[in-house]
Amino acid sequence: MKLNRTTQRTVEILKLVSKNPEGITLDEICGKLDLPKTSAYDIVTTLAEMGMVNVDRGQRQRYTIGLTAYRIGINYTNNLNFINVIEPEMRAFAKEVGKTVFFGVRSDHEVVYICKTEPENPIITTATVGTKNPMYCTSLGKAILAYSDEETCGQILARMKFKKHTERTITDRESLKKELERVRDQGYALDEREVEEHMECVGAPVFGPDGSVVGALSVSSLYKPTEDYEQLGRLTAKKAAEVSKLLGFLGKI
């Protein structure tokens with residue numbers, strides 16, 4: 001993949017500034033990163049306007065890391081704490097249901113798996129931490145979409161490109177909209193062998209303190225005609241609600 005040069009330089013400058021708490025001059029930035037002065041000046045000026053760097057306007061202007069960059073770092077730290085809350089719950093739930101449990105978040109119009117826990121005798125699943133899958137055919141993705149705000153959901157649907165993975169895969173927006181209504185009615189989503197013919201999954205939304213959906217919890221298993229997936233969906237929704245409360249969500253799901 002071809003990297004955008006300006007973005008790459010911006011990140012390099014931020015990294016360099018963050019390593020110099022006493023501040024760093026434009027000439028030092030250009031020298032250390034081998035950048036043209038005009039390009040570097042445009043970038044640091046923009047970063048200063050956005051609060052990503054501070055400017056000490058002494059005899060020679062020095063740049064230090066800004067409040068906006070600090071806030072972004074705090075959000076990252078908070079997210080790590082958030083995972084620390086979720087993982088023990090996932091381990092206990094995987095043991096309870098005897099199946100593989102995932103936690104996923106939205107990444108544009110896809111869902112990315114960021115946690116995975118397995119029971120003592122795990123089944124083989126193709127999904128691993130870091131894997132991405134479409135939202136329209138995964139229980140995680142449907143659960144997140146169904147509980148996203150209307151504007152966000154509309155934007156995601158507009159960018160979606162549907163691909164048929166199995167005979168059961170949803171392949172158009174209208175069918176997906178009806179499916180999302182069903183998810184909201186029952187409180188959980190089903191992946192009825194829509195990604196892989198042999199796998200059936202259920203998923204439910206997880207909410208943050210402000211009431212927005214932060215991700216979803218899912219349970220994956222080899223498809224069995226005798227399995228009660230509706231009951232498993234209700235169990236997953238109950239666990240997701242418990243996790244949401246631990247994260248500070250006080251509303252009703």
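Shown above is the structure to which this text applies.
Residues numbered from 1 in each chain as written. Predicted model: local features only at pLDDT ≥ 70, side-chain atom pairs only at ≥ 80, totals over all residues. Heavy atoms only, no water.

Q: I'd like a description of the nonpolar core, backed by residues and values.
A: M135, L140, I144, L145, M160, L176 and L180 are the most contacted members of the largest nonpolar core, which totals 25 residues. Apart from residues no more than four positions distant in its own chain, L176 is found in contact with Y136, L145, L157, M160, F162 and I170. Grouped together as the second largest cluster of nonpolar side chains are 24 residues, F82, I83, A94 and L232 included. (Core = buried A, V, L, I, M, F, W, Y, C linked by side-chain atoms within 4.5 Å. Buried < 20%, exposed > 50% of the residue type's maximum accessible area, 1.4 Å probe, protein only. Contact = heavy atoms within 4.5 Å.)

Q: Quick rundown of the packing of aromatic side chains? Include the residues and the values.
A: One pass over the full model with this rule turns up six aromatic pairs. Consider the rings of F102 and Y113, whose centres lie 5.0 Å apart with planes at 65°: the pair is edge-to-face. With a gap of 11 residues between them, F102 in strand β4 (residues 100-107) and Y113 in strand β5 (residues 110-117) connect regions that are remote in the sequence. For the pair F102 and Y113, a shared accessibility class is recorded, and that class is buried. On the numbers, 6.2 Å between centres and 10° between planes, the contact of Y223 with Y229 is stacked. Joined through ring pairs, the aromatic side chains of Y147, F207 and F249 make up one cluster. We note R193 situated over the ring of Y223; from NZ or CZ to the ring centre the distance is 3.7 Å. (Phe/Tyr/Trp six-rings, centres within 6.5 Å; stacked < 30°, edge-to-face > 60°. Helix = DSSP H or I, 4+ residues; strand = E, 2+ residues; numbered from the N terminus. Lys NZ or Arg CZ within 6 Å of the ring centre and 35° of its normal.)

Q: Pulling in residues and values, what's your account of the environment of S39?
A: In this structure, S39 sits in helix α3 (residues 37-49). What makes S39 partly exposed here is its relative accessible area of 24%. Residues S39 and T10, 29 residues apart in the sequence, show an inter-C-alpha distance of 9.9 Å.

Q: Before we move on, can you summarise the pairing of β4 with the specific residues and values?
A: Counted residue by residue, β4 has six buried out of eight residues, so it is predominantly covered. Of the strand pairs in this sheet, β4 and strand β9 (residues 213-222) are connected by five bridges, and their pairing is antiparallel. Bridge pairing in β9 links G104 to A216. Bridge count for β4 against β5 is seven bridges, and the pairing is antiparallel. Residue pairing across strands places F102 opposite K116, the latter belonging to β5. Linking β4 back to β5 in an antiparallel pair, the connection comprises two residues, with D108 at a positive phi of about 60°. (Pairing = 2+ DSSP bridges.)

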